[in-house]
Amino acid sequence: MHLFDWPFGHINPHSFEMIMADPPWRFVVRSPKGEGKSAQARYDTMALEEINAMPVMDLAAPNCLLWLWCTAPMLPQQLTTVKAWGFEYCTEGVWVKMTKNGKLSFGTGYGLRGSHEPFIIVKRGEPKLTKSTRSVIHGKAREHSRKPEEAYREAERLMPNASRIELFSRTNRPGWTVWGNETGKFGEAA
């Protein structure tokens, strides 16, 4: 990789023991009605090939955990991202989306109505984990694709002393380096 190919600006390579990424996956929309609900109707998305070509491994310390937010319909393709970025699959988890009234949300879906969002945990080397984080996180669904605060708390508990970066971030977060074209959209995390 040439220095001019570095997409992460001033961020130093090989600096992070934890990477959380929520790539702007581009979906195949199956109906005109679905177009208005799609990710691409709300923000710029990227083709899988563009996401896979990103030098994410070059952000990782020798022992690094990557928390990759996925989508149920694209999970097989997103596993190719793990490989392209140079990480090894470990396990998976889900965010159970709750309404503001504490009920299970009722989202869109392909076959099943989505009330959850998957994430996968992958690694480079042997990151030190506390093994205290469960595979299910309950959290309130907010703006489209905005992740729950509970997920960040669990990530921090999983690796409490890690140097952390969030890729494709939309919220400034104490203790995290953030990168993305919508960084700060939702302000500062609580």
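To keep things clear, this report deals only with the structure shown in the data block. These numbers were taken from a predicted model, which means no experiment stands behind them. (Residues numbered from 1 in each chain as written. Predicted model: local features only at pLDDT ≥ 70, side-chain atom pairs only at ≥ 80, totals over all residues. Heavy atoms only, no water.)

The next point concerns the overall build of the protein. When helices and strands are counted, the protein shows four helices and seven strands. Going residue by residue from the N terminus, the α and β elements of the protein occur as β-α-α-β-α-β-β-β-α-β-β. Classification of the 190 residues of the protein by burial places 43% in the buried group. Summarising the internal contacts of the protein: among those between residues at least 6 apart in sequence, 68% fall at separations of at least 24. (Helix = DSSP H or I, 4+ residues; strand = E, 2+ residues; numbered from the N terminus. Buried < 20%, exposed > 50% of the residue type's maximum accessible area, 1.4 Å probe, protein only. Contact = heavy atoms within 4.5 Å.)

Tracing the backbone shows Arg-164 in strand β6 (residues 164-167). Although buried, Arg-164 forms no salt bridge, and the nearest oppositely charged side chain, Glu-156, lies 4.4 Å from it. A polar contact of 3.0 Å, which involves the side chain of Arg-164, links it to the backbone oxygen of Met-159. Ignoring sequence-local partners within four residues, the contact set of Arg-164 consists of Phe-16, Met-18, Glu-156, Met-159, Gly-175, Trp-176 and Thr-177. (Lys, Arg positive; Asp, Glu negative; His and termini not counted. Salt bridge = Lys/Arg side-chain N within 4 Å of Asp/Glu carboxyl O. Polar contact = N/O pair within 3.5 Å; in protein donor to acceptor, adjacent residues only side chain to side chain.)

Counting 28 residues, the largest nonpolar core has Phe-8, Ile-19, Leu-59, Leu-68, Trp-85, Phe-87 and Leu-167 as its most contacted members. Here the element with the most residues in this core is strand β2 (residues 60-69); it accounts for four residues. Setting aside anything within four residues of it in sequence, one finds Ile-19 in contact with Val-56, Leu-59, Ala-60, Cys-64, Leu-65, Leu-66, Trp-67, Phe-87, Ile-165 and Leu-167. Counting residues in hydrophobic clusters, the runner-up holds 16 residues, among them Trp-95, Phe-119, Ile-137 and Ala-151. (Core = buried A, V, L, I, M, F, W, Y, C linked by side-chain atoms within 4.5 Å.)

To continue, consider the environment of Ser-169. For Ser-169, the location among the structural elements is in the loop between β6 and β7 (176-179). Separated by twelve residues in the primary sequence, Ser-169 and Asn-181 have C-alpha atoms spaced 8.0 Å apart. Beyond its immediate chain neighbours, meaning those up to four positions away, Ser-169 contacts Val-178, Trp-179, Gly-180, Glu-182 and Thr-183.

Fair warning: the whole summary comes from geometry, so function is off the table for now.
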